[in-house]
Amino acid sequence: GIWGVVWSMLRGGRAVGRAMSSNAKANRPYWQQTMLRVKDAERSVAFYEKSLGFQLLSKWDFPQWEFSLYFMGTPMPGEGGKGGNVFDRDLVTLELTHNWGEDQPPIHPGNKDRDGFGHIAVAVDDVYAASDKLLAEGVEFKKKPDEGRMKGLAFALDPDGYWVEIVKREGTVDSGCPEFALAQTMLRIKDPSKSIPFYTEQFGMRLLAERHYGKDKGDFSLYFLANEADVEGETTPDPTTPEAMQHIKSHLYPNAVPVLELTHNHGTESDSDFQHNNGNVEPRRGFGHIGFLVDDVYEFSKGLEGAGVEFHKKPDDGSMKGLAFCLDPDGYWIEIINRGMNPESFK
């Protein structure tokens, strides 16, 4: 609302995270997935398993709708691995969706004009060593660690051309963290004064860090959010300080805790015609959605509706009952899933 905008202006244009809503407190939303469509499931699963060391945690086939879902993740030791149901636990996963049939449209991996989805990321101890390992396996790169302005970070390409950023974590000796741990999903946002309160208030996420770069450095801002459950009880630094980013690198990444990175290119917020491609419109379908587990899909959806949030699919629409998709301020789809949901119930 207007007060959010005023408050943002008072803070020098910075977005502010707000306290979570009573709806979020009651239903405990937990960012659980980032969904990417893939052309060849075997090839993609092999890449994430063999090159990046992800585990295939759950897989489901839906013959009646002709698609399969593969949930990949990097749990810490003791967090449970393969088998079971990913919806039974709070763990951020990568959901690969394979639509059957040879006549599927090409996958659009993003990063073209006005594309919203940017990349996923993995955190490693040594970006150079990790990149050398992947290069030796024949993995293609968009950017090697020493190329370009930003030294020490890299972007590998997965089999569909999605960008996989490789970032450095700190302090993982003996932590048991996987060699490559899922670390980020990056989405571009038009207006942080709308998006940041949306995720902190409606979905109970915590704003951990924000970085602002002037015209000489690209003219953009970055906002990093995490699941409240993943930082519960922690006193995290003021998001505007250098210590905030350091905390992510030295506390979250070494424990395989990913963040949602929201990128704001300055000026888009005042362009009434500007809109990001959300990944679900032909011919630019690739990234599909992010998803949250909640205690009660119906109650939580009702609370969101009461707060003025728009929906792509309400829980009882369509043939998949008990699943919802709301829309964030940029029109990204957000799947809302009951904790413990059994996908077999749809078969």
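In the block above lies the structure referred to throughout.
Quick look at the structure, then. Think of each chain on its own: its residues are numbered from 1, step by step along the sequence as written. Thresholds applied to this predicted model are a pLDDT of at least 70 for local features of residues and 80 or more for the giving and counting of side-chain atom pairs; totals over whole chains, interfaces and linings are not thresholded and use all residues. The side-chain quantities take in all heavy atoms of the structure and omit both hydrogens and water.

**Let's talk about the sheet that holds strand β5 (residues 117-124)**
Threshold: DSSP bridges decide pairing: two strands pair if at least two such bridges lie between them. Where helices and strands are cited, they refer to DSSP runs of H or I of at least four residues and of E of at least two residues respectively, numbered from the N terminus. As a rule, the C-alpha atoms of each element are fitted with a line to give its axis, helices using only the stretch in contact, and angles between N-to-C directions run from 0 to 180 degrees. The contact definition used throughout considers only heavy atoms, calling two residues in contact when any of these lie within 4.5 Å.
Spatially, the 8 strands line up as an open sheet ordered β6-β7-β8-β5-β9-β12-β11-β10, and their pairing is mixed. At either margin of the open sheet sits one strand with a lone partner, and together these are β6 (141-143) and β10 (205-213). Each strand of the sheet is rotated relative to its neighbour by a mean of 25 degrees, with strand direction disregarded. Where strand β11 (residues 220-227) lies against strand β12 (residues 259-265), 6 bridges are found, and the strand directions are antiparallel. Across the sheet, Tyr-223 pairs through a bridge with Leu-262, a residue of β12. Docked against the sheet, helix α4 (residues 127-136) engages β5, β6, β7 (154-157) and β8 (163-168), running at close to 145 degrees with respect to β8. Seen against the sheet, helix α6 (residues 242-252) touches β8, β10, β11 and β12 and runs at an angle of roughly 125 degrees to β10.

**With respect to the side chain of Asn-278**
Put simply, the rule reads: In the analysis that follows, any N or O atom pair within 3.5 Å is treated as a polar contact, provided that within protein one partner can donate a hydrogen and the other can accept it, and provided that, for residues neighboring in sequence, both atoms belong to side chains.
Mapped onto the fold, Asn-278 is located in the loop between β12 and β13 (287-294). A polar atom in the side chain of Asn-278 sits 2.9 Å from the backbone oxygen of Gly-331.

**Concerning the pairing of β7**
The condition that has to hold: Between buried and exposed lies partly exposed: a residue is buried under 20% and exposed over 50% of the maximum accessible area for its type, with that area taken using a 1.4 Å probe on protein chains only.
Of the two faces of β7, the one holding Ala-154 and Ala-156 and the one holding Phe-155 and Leu-157 are both buried throughout. Sheet topology note: the β7/β8 ladder contains 4 bridges and is antiparallel. The residue of β8 that forms the bridge with Phe-155 is Glu-165. Hairpin geometry of β7 and β8 is characterised by an intervening segment of 5 residues between the two adjacent antiparallel strands and by a positive phi of about 90 degrees at Gly-161.

**Structural notes on the pattern of salt bridges**
Cut-off, in case you're wondering: Every case where a carboxyl oxygen of Asp or Glu lies within 4 Å of a side-chain nitrogen of Lys or Arg is listed as a salt bridge.
For the structure on display, the rule yields 13 salt bridges. We note a salt bridge from Asp-61 to Lys-59, for which the minimum N-O separation is 3.2 Å. Among the residues examined, Asp-61 registers a relative accessible area of 27% and is labelled partly exposed. You can call Lys-59 partly exposed: its relative accessible area is 40%. The closest approach of N and O atoms between Lys-302 and Glu-299, which form a salt bridge, is 3.7 Å. Of the two residues, Lys-302 and Glu-299 both sit in helix α7 (residues 297-306), 3 residues apart, roughly one turn of that helix. Where salt bridges share partners, they join Arg-28, Asp-90, Asp-295 and Arg-339 into one cluster.

**Brief notes about helix α5 (residues 192-202)**
With 9 of 11 residues buried, α5 lies mostly within the body of the structure. Within α5, burial applies to Pro-192, Ser-193, Ser-195, Ile-196, Pro-197, Phe-198, Tyr-199, Thr-200 and Gln-202. Phi for Gly-204, located one or two positions after α5, is positive at around 65 degrees.

**Section: the packing of aromatic side chains**
Aromatic ring pairs are described here by two measures, namely the spacing of the ring centres and the angle between the planes. Quick reminder of the rule: The aromatic pairing rule takes the rings of Phe, Tyr and Trp, using the six-membered ring of Trp, and pairs them if the centres are within 6.5 Å, calling planes under 30 degrees apart stacked, those over 60 edge-to-face and the rest tilted.
A full pass over the atoms with the stated rule returns 19 aromatic pairs. Here Phe-62 and Phe-67 contribute two aromatic rings whose centre-to-centre distance is 5.0 Å and whose plane-to-plane angle is 35 degrees, an arrangement assigned as tilted. Like Phe-62, the residue Phe-67 is buried in the burial classification. Aromatic side chains Phe-117 and Tyr-162 sit 6.1 Å apart centroid to centroid with 85 degrees between the ring planes, which places their arrangement in the edge-to-face category. With Phe-117 in strand β5 and Tyr-162 in the loop between β7 and β8, this pair connects stretches of sequence that are 45 residues apart. Overall, the relative accessible area of 0% leaves Tyr-162 in the buried class. Three or more aromatic residues link up through ring pairs in this structure, and these residues are Phe-198, Tyr-199, Phe-203, Phe-292 and Phe-300.

**Brief notes about the sheet that holds strand β3 (residues 67-73)**
Strand order in the open sheet formed by 8 strands is β2-β3-β4-β1-β13-β16-β15-β14, with mixed pairing between adjacent strands. Unpaired on one side and paired on the other, β2 (55-62) and β14 (311-313) mark the two borders of the sheet. Mean inter-strand twist for the sheet, computed between neighbouring axes without regard to direction, equals 25 degrees. Looking at chain direction, β3 and strand β4 (residues 93-99) are connected through 6 bridges and run antiparallel. Bridging from a neighbouring strand, Ser-68 pairs with His-98 of β4.

Without other data, these values stay purely geometric and don't point to any function.
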